Amino acid sequence: MTGTTDPTDPAPTAERRRTARVRWAAGAAVALALLFAGAAAVAAARDDGSAPGAAGAPAPDSADAGFARDMAVHHQQAVEMSFIVRDRTEDEDVRRLAYDIANTQANQRGMLLGWLDLWGLPKVAGGDRPPMAWMGGGEGDGGHEHGGHHPGGGSDGVLMAGMASRAELERLARLDGKQAEVFYLQLMTDHHKGGVAMAEACASRCAVPVEQRLARGMVEGQQSELGLMRDMLAERKARPRS
């Protein structure tokens, strides 16, 4: 937190060391989640007959591949925002929510990346295809508004609907206490709305059964968290931005 400290006081140094240990542990937990999720993804996809060379393996420009690539990027930012807010507030409800989101989305991201590896597909779309093009329709996002504060398009790092800009991430990292809590909940609400729209599109367009199941689970889980975050914002006399 902000404030003036005595340079001779050992407490700030101890606090920095404690924070560093917490960040290391959190990073290690996410790395393990990615490792185990990737292994689980390989096993699940093989069970569904979608291994490389199998009839069920998706094409590079399929909805399955596009969703896996785009949602992995989308999830990575949610993990980043959640780790930021854990260092900016002492509110246990917000910290618990942030920890749950970080772990869940890191695990799911590991599964998505694991499937791309299993299918022998690149993790970045080639050519001039923009993010979310797999959803069909207009440029990048199917010509629809997919929820969230930003429509996407690459401006200031906003690649997809619901994603925060670089400036917003920097602002979150500067806030403390209630202000950080409110801004995080607003950013994550936008983020979840964009994520739900993408997951709903995969649930209807993807062909690999295990990926469809994951997408449906994302819709249910994130819609539940949207309700929780709306209530948490109301408790802080605030509301979602969109």
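Here the structure is shown first, and the text comes after it.
Residues numbered from 1 in each chain as written. Predicted model: local features only at pLDDT ≥ 70, side-chain atom pairs only at ≥ 80, totals over all residues. Heavy atoms only, no water.

*Asks:* Explain the packing of helix α4 (residues 166–174) against helix α5 (residues 177–205) residue by residue, including any values.
*Replies:* It is at 9 Å that the axes of α4 and α5 come closest, and there the two elements cross at 150°. By the angle class used here, α4 and α5 are roughly antiparallel. In this structure, α4 meets α5 at a crossing whose hand is left-handed. Along its contact with α4, which presents Glu168, Arg171 and Leu172, the element α5 presents Ala180, Phe183, Tyr184 and Leu187. Of the residues belonging to the contact of α4 with α5, the class tally is 5 nonpolar, no polar and 2 charged. (Axes fitted to C-alpha atoms, helices over the stretch in contact; angles between N-to-C directions. Helix = DSSP H or I, 4+ residues; strand = E, 2+ residues; numbered from the N terminus. Parallel < 35°, antiparallel > 145°, perpendicular 65-115°, else oblique. Left-handed = near helix turned anticlockwise from the far one by under 90°. Contact = heavy atoms within 4.5 Å. Nonpolar A, V, L, I, M, F, W, Y, C, P; charged D, E, K, R; others polar.)

*Asks:* An account of the packing of α5 against helix α6 (residues 209–235) is requested, with residue identities and associated values reported.
*Replies:* The contact between α5 and α6 brings their axes to 8 Å, and the two run at 155°. One way to sum up the angle between α5 and α6 is to call them roughly antiparallel. In the packing of α5 onto α6, the handedness of the crossing is left-handed. Of the residues that constitute the contact of α5 with α6, the class distribution is 14 nonpolar, 7 polar and 5 charged.

*Asks:* Pulling in residues and values, what's your account of the environment of Ala167?
*Replies:* Tracing the chain through its elements places Ala167 in helix α4. For Ala167, a relative accessible area of 40% translates into the label partly exposed. When the C-alpha atoms of Ala167 and Gly157 are compared, they prove to be 8.8 Å apart, with 10 residues separating the residues in sequence. (Buried < 20%, exposed > 50% of the residue type's maximum accessible area, 1.4 Å probe, protein only.)

*Asks:* Outline unusual backbone geometry, supporting the account with residue identities and numerical values.
*Replies:* One non-glycine residue, Met132, lies in positive phi territory at about 70°. Assignment of secondary structure puts Met132 in the loop between α3 (92–119) and α4. Given a relative accessible area of 2%, Met132 falls into the buried group. With a phi angle near 60°, Lys237 is a residue other than glycine that sits in the positive phi range. Secondary-structure assignment places Lys237 in the segment after α6.

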